[in-house]
Amino acid sequence: MTPRGSTWSVFAAQELDRNSWRQLIRNEIPAVVIRGFATPEECARLVERAQAIGFEAYKNVVPPIDRIGATVFEHNGADVSTYFARAEQCRAIQGEIFAQSFSPLERLMSRLREATGAPVQIAADPRRGTYCAGLIRRIENGTLLHIDYAPAEQPDWWVAQIQVQLAWNLYLELDPQNPGRTHVFNREWVPEDEVYKLAGTYGYSRPVVEGAAKYTLRPTLGDVYIFSTRNYHEVDSSGGHRTTVTSAIGTHPDGRIVLWS
Ligand SMILES: O=C(O)CCC(=O)C(=O)O
Ligand SMILES: [Fe+2]
């Protein structure tokens, strides 16, 4: 049953093509999927290479999340130039890992070009430098209920110009019994929601999604899921390792699609 007020016409991820992309951008569907994006061997190889380099924990995040890469999230506020210095190092590390396995980032960008016909680029601020896109991440203890939306969280950054913000996640390593589901609510962040923000955390309190329709994604190995991260969402704890490659995707007003982490 479709709860009242839902803007989604279906509660399943649609295979990526020009039509599903347009529907996703308009928040008419909860997610798109690219099945068979990577082989189990490619996934295992990338995880092995990432593990050899070593994960680090996000700063000040509870429950803990491990990652390889730089995030704008960890440099919110005045810390913009530190991010761009880190982004450069992270591109080098990422280049090394991808060279020894495969580049999900290049593959994703070409799939988006094919599907949308739009130019797809790594986000670059003409004044400050190029963003890093493509985090390798382990969310194993779940997340708080949250959004990822630059106009709300990084209003002074170049990426805050984007209109729609999405995320792609390629699931590289999952516990088959308990892969850690992702719940996406049909409820977009608005500025008035800041009263629901849980002080000192990145999370929001439950009442913000009261009455909202929910789509639940049970991740599958080697598949990419893309959803709008302006919609409130949360991840369950998983039974074992839960490793992804991920970045933000934004639609720029000039028609470009840009990626960053
Ligand atoms: O790992 C996932 O399934 C989604 C994580 C998340 O919150 C995001 O990609 O924005
Ligand atoms: Fe998120």
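Above: the structure in question.
Residues numbered from 1 in each chain as written. Chains lettered and ligands numbered in written order. Predicted model: local features only at pLDDT ≥ 70, side-chain atom pairs only at ≥ 80, totals over all residues.

Undergrad: Sorry if this is basic, but what is going on with the nonpolar core here?
TA: Generally speaking, nonpolar side chains in soluble globular proteins are found buried as a group. Grouped together as the largest cluster of nonpolar side chains are 65 residues, with contacts concentrated most on A31, V159, L170, V224, I226 and W260. If we ignore the near neighbours within four places in the chain, the residues touching W260 are V72, I122, A123, Y131, A133, V159, S247 and A248. (Core = buried A, V, L, I, M, F, W, Y, C linked by C-beta atoms within 7 Å. Buried ≥ 20, exposed ≤ 12 C-beta atoms within 10 Å, placed from the backbone. Contact = placed C-beta atoms within 7 Å.)

Undergrad: Please clarify how the pairing of strand 10 (residues 182-188) should be interpreted in this entry.
TA: Every regular strand shows the same layout, with side chains that alternate between the two sheet faces. A large share of strand 10 lies buried, amounting to five of its seven residues. The pairing of strand 10 with strand 11 (residues 214-217) spans four bridges and is classified as antiparallel. Of the residues in strand 11, the one forming a bridge with V184 is Y215. Where strand 10 lies against strand 13 (residues 231-235), four bridges are found, and the strand directions are antiparallel. Opposite V184, over in strand 13, you have H233 as the bridge partner. (Helix = DSSP H or I, 4+ residues; strand = E, 2+ residues; numbered from the N terminus. Pairing = 2+ DSSP bridges.)

Undergrad: Looking at this model, I keep getting lost on the site of ligand 1. Mind explaining?
TA: Ligand 1 sits among I139, T143, D148, A167, N169, T182, P219, T229, H233, V235, T244 and T246. Elements with a contribution of two residues or more to the shell around ligand 1: strand 9 (165-173), strand 13 and strand 14 (243-251). Of the residues in the shell around ligand 1, the class split is four nonpolar, seven polar and one charged. (Near = placed C-beta within 6 Å. Nonpolar A, V, L, I, M, F, W, Y, C, P; charged D, E, K, R; others polar.)

Undergrad: Is there a simple way to think about the sheet that holds strand 11 in this case?
TA: Across a sheet, paired strands are connected by hydrogen bonds in the backbone, their directions being either parallel or antiparallel. Read from one edge of the open sheet, three strands run 11-10-13, paired in antiparallel fashion. Both edges of this open sheet fall to strand 11 and strand 13, since each of them pairs with a single strand only. Strand-to-strand, the axes of this sheet are offset by a mean angle of 20 degrees, without reference to chain direction. (Axes fitted to C-alpha atoms, helices over the stretch in contact; angles between N-to-C directions.)

Undergrad: Would you mind going over the pairing of strand 15 (residues 257-260) with me for this structure?
TA: Neither face of strand 15 is open: one carries I257 and L259, the other V258 and W260, and all of them are buried. Pairing between strand 5 (residues 120-122) and strand 15: three bridges, direction parallel. Paired with V120 across the strands is I257, a residue of strand 15. Across four bridges, the pairing between strand 14 and strand 15 is antiparallel. Each residue of the ladder has a partner; that of A248, found in strand 15, is W260. Hairpin geometry of strand 14 and strand 15 is characterised by an intervening segment of five residues between the two adjacent antiparallel strands and by a positive phi of about 100 degrees at G255.

Undergrad: Before we go on, may I ask you to explain helix 4 (residues 104-116) in this structure?
TA: Three or four residues apart is the spacing at which side chains of an α-helix point the same way, because the helix has 3.6 residues per turn. Between the first and last C-alpha of helix 4 there are 18 Å, a value that for 13 residues agrees with the 18 Å anticipated at 1.5 Å per step. Buried within helix 4 are the following residues: P104, L105, L108, M109 and L112. Summarising the axial view, the buried residues of helix 4 lie within an arc of 130 degrees, below the 170-degree limit, and thus occupy one face. Exposed side chains of helix 4 directed beyond 90 degrees from the buried face belong to E106, S110 and E114. (Expected span 1.5 Å × (residues − 1). Arc of directions from axis to C-beta.)

Undergrad: What is the right way to look at unusual backbone geometry in this model?
TA: The phi angle of most residues is negative, glycine excepted, and most peptide bonds adopt the trans form. Here the residue pair V62 and P63 is connected by a cis peptide bond, since its omega of -10 degrees sits within 30 degrees of zero. Tracing the backbone through its elements, the reader meets P63 in the loop between strand 3 (56-57) and strand 4 (66-68). Look at N27: it is not a glycine, yet its phi comes out positive at around 60 degrees. When you line up the elements, N27 lands in the loop between helix 1 (18-25) and strand 2 (32-34). One non-glycine residue, N60, adopts positive backbone phi at about 55 degrees. Relative to the helices and strands, N60 resides in the loop between strand 3 and strand 4.

No statement about biological role is implied by the geometric values presented.
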